[in-house]
Amino acid sequence: MIERRPFVQKILKNRQSNLRVVSGLGTSTWDLMSGGDDKANFGFIGAMGQAIPFALGLAMAQPDLRILLFTGDGDTLMSLGSIATVANHPVTNLTIVVMDNESYVETGSQPTATAGKTNLEIVAKGSGISNSYTIKNEKDYDRLIKTIYEEKGPSLVVAKCQAKATPLVFPHSFDGSVSINRFMSTLKS
Amino acid sequence: MEGAIKDWRNDIYKVFKELDITMVSHVPDAGHTPLINLCEKDNEIDVVTLTTEQDGVGLSCGAFAGGRKSALLMQSSGVGNCINALALPNICRIPFLTLVSMRGEWGEFVPWQVPMGLGTPKVLEAMDVKVFRADYKEEVGSTVDAAARFAFNTNRSVAVLLSQKMIGAKQFKNG
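Residues numbered from 1 in each chain as written. Chains lettered and ligands numbered in written order. Predicted model: local features only at pLDDT ≥ 70, side-chain atom pairs only at ≥ 80, totals over all residues.

A short note on the overall build of chain B
For the record, the criterion: Strands are runs of DSSP state E lasting at least two residues, helices are runs of H or I lasting at least four, and both sets are numbered from the N terminus onward. Here the globule rule reads 2.2 Å times residues to the power 0.38, and the radius of gyration is calculated from C-alpha atoms. Counting other C-beta atoms within 10 Å of each residue's C-beta, where C-beta atoms are placed from the backbone, gives the exposure class: buried for 20 or more, exposed for 12 or fewer, partly exposed between. Residue pairs are scored as contacts if the distance between their C-beta atoms, which are placed from the backbone, is within 7 Å.
A count of helical and extended segments in chain B gives 9 helices and 6 strands. Relative to its length of 175 residues, chain B is compact, with a C-alpha radius of gyration of 15 Å against a globular reference of 16 Å. Considering chain B as a whole, with its 175 residues, one finds that 47% of them fall into the buried category. Relative to all contacts within chain B whose residues are 6 or more apart in sequence, the contacts with residues 24 or more apart total 75%.

In structure tokens:
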């Protein structure tokens, strides 16, 4: 099992300038913000299920950048169909990393479907995202970095991580218009 | 032949071109099919087929963040699927444009279409979406143009309801 916060922070610490990072609501956003304030990040705090389609739209609009989405198993499960949409409107510059702790940690650690019979790597492959794999160990860091920056996407990586609550780290602003405008200031339109 | 069939979807397509709307997502509806076909033939427009309408909200917002304008096409039955997703363009003040082909209102013959048809304008307004409506073919172009400008100039969410009266029973005769 991966300890999610240091793992995410390591990816952010070594980030390249062509990377833009989006996070799904809840713990994924607190993880992203724990790496320090950066205008090239955009974190959801609501609109559950919308992070994958948002990242797809962004990747389509900015084909010269690499787009990385950190999101949770709960967020992903809410919009499983969006994985099929990503597969069938493929973008080469998108990596989705599902931080799969098999639970809704924010609400009291109720088990998600991935604690049961559901395997998101197989869902992704069955949906048509062939570059999909599961990592369970920090040793897989290099492989993930290669996927994020070099491999032809779309890719979906399931990162199995510990189901423990991590300290809340809030973004620069809870006002979405502030967040998105800061993020957009890093993009050429 | 000679231009006798002036389809109002052409007027919507013209607005897309004029306002540089280059991404169109949809869960298809017969009422939108001629417009979807026009967009698919256009190399400058990406057409994204969704599995649920709500994903078009996120897609549209991500595209806008990346510098591209888009529109979401759906049937009125899809509006209910979008409710919580509409928080995203609202709280981020991202312009969002959707064109909704109405069912459950004018001479409807499928009772299952009626509840969401009746609820569509109320649900949109409850989520702070500015609702425009076109009842006649002649007003479609100007209404969509006004709605799109409203969205992109004021950074608001906007819907245009395309009435079932206009889309016509003819659309559904062969179904």
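Here we look at the sheet that holds strand S7 (residues 131-135) of chain A
Residues and elements named next belong to chain A. The condition that has to hold: Between any two strands, at least two bridges found by DSSP are needed for them to pair. To get an axis, fit a line to the C-alpha atoms, keeping to the stretch in contact for a helix; angles then go from 0 to 180 degrees between the N-to-C directions.
Reading across the sheet, the 6 strands line up as S2-S1-S3-S4-S8-S7 and stay open at both edges, with parallel pairing between neighbours. The sheet terminates laterally at strand S2 (41-43) and S7, the two strands that pair on one side only. The sheet shows a mean angle of 15° between the axes of neighbouring strands, direction not considered. Sheet topology places strand S3 (residues 66-72) next to strand S4 (residues 94-100); 6 bridges connect them, and they run parallel. In the sheet register, Gly-72 faces S4, and the bridge partner there is Met-99. This element, helix H6 (residues 120-127), spans S4, S7 and strand S8 (155-160) of the sheet and lies at about 175° to S7.

Focus: the interface of chain B and chain A
Quick note on the threshold: Residues are grouped as follows: Ala, Val, Leu, Ile, Met, Phe, Trp, Tyr, Cys and Pro are nonpolar; Asp, Glu, Lys and Arg are charged; every other residue, Gly included, is polar.
Each side of the interface is counted separately: chain B has 27 residues, and chain A has 26 residues. For the side of chain B that touches chain A, the secondary-structure elements that each account for two or more residues are strand S2 (46-49), helix H3 (54-65) and helix H5 (87-92) of chain B. Here the element with the most residues in the side of chain B that touches chain A is H3 of chain B; it accounts for 10 residues. Residue composition of the side of chain B that touches chain A, by class: 14 nonpolar, 9 polar and 4 charged.

Considering the pairing of strand S6 (residues 157-162) of chain B
Residue and element names in this part refer to chain B. What counts is decided by this rule: Consider the strands pointing away from the viewer: the crossover is right-handed when the path from the first strand over the helix to the second runs clockwise.
The buried fraction of S6 is high, at 6 of 6 residues. Residue alternation in S6 divides its side chains into two sets, Ser-157, Ala-159 and Leu-161 and Val-158, Val-160 and Leu-162, and both sets are buried. The pairing of strand S4 (residues 96-101) with S6 spans 6 bridges and is classified as parallel. What sits directly across from Val-100, in S6, is Leu-161. Sheet analysis places strand S5 (residues 130-134) next to S6, joined by 5 bridges and oriented parallel. Bridging from a neighbouring strand, Arg-133 pairs with Leu-161 of S6. Note that the unit made of S5, helix H7 (residues 140-154) and S6 has a crossover that is right-handed.

Some thoughts on the packing of helix H1 (residues 4-13) of chain A against helix H2 (residues 27-34) of chain A
All names here are of chain A. Quick note on the threshold: Orientation labels follow simple angle bins: below 35 degrees gives roughly parallel, above 145 gives roughly antiparallel, 65 to 115 gives roughly perpendicular, and whatever is left gives oblique. Here a crossing is taken to be left-handed if its near helix is turned anticlockwise relative to the far helix by less than a right angle, and right-handed if that turn runs clockwise.
Interaxial distance between H1 and H2 falls to 8 Å at its minimum, and their mutual angle equals 50°. Viewed along their axes, H1 and H2 adopt a mutual orientation that is oblique. Once H1 is placed against H2, the crossing between them reads as right-handed. Contact residues: H1 offers Arg-4, Arg-5, Val-8 and Gln-9, while H2 offers Asp-31, Leu-32 and Ser-34. Residues of the contact of H1 with H2, tallied by class, amount to 2 nonpolar, 2 polar and 3 charged.

Some points on the nonpolar core
Residue and element names in this part refer to chain A. Note the cut-off: Structurally, a nonpolar core is described as a collection of buried Ala, Val, Leu, Ile, Met, Phe, Trp, Tyr and Cys residues joined by way of C-beta atoms within 7 Å.
Ranked by size, the top nonpolar core spans 98 residues in total, and within it Ala-55 and Leu-69 carry the most contacts. The greatest single-element share of this core, amounting to 9 residues, is contributed by helix H3 (residues 51-61). In contact with Leu-69, other than residues within four places in its own chain, are Val-22, Ala-51, Ile-52, Ala-55, Ile-96 and Val-97.

Here we look at helix H8 (residues 176-184) of chain A
Owing to its 3.6 residues per turn, the α-helix aligns residues three or four sequence positions apart on the same side. Put simply, the test is: Note that the arc is computed from the directions linking the helix axis to the C-beta atoms.
Taken together, the buried positions of H8 of chain A are Gly-176, Ser-179, Ile-180 and Phe-183 of chain A. Taken down its axis, H8 of chain A places every buried residue within 90° of arc, on the same side. The secondary structure elements touched by the buried residues of H8 of chain A are S2 of chain A together with H3 and H5 of chain B.

Any link to function would need more than the numbers given here.
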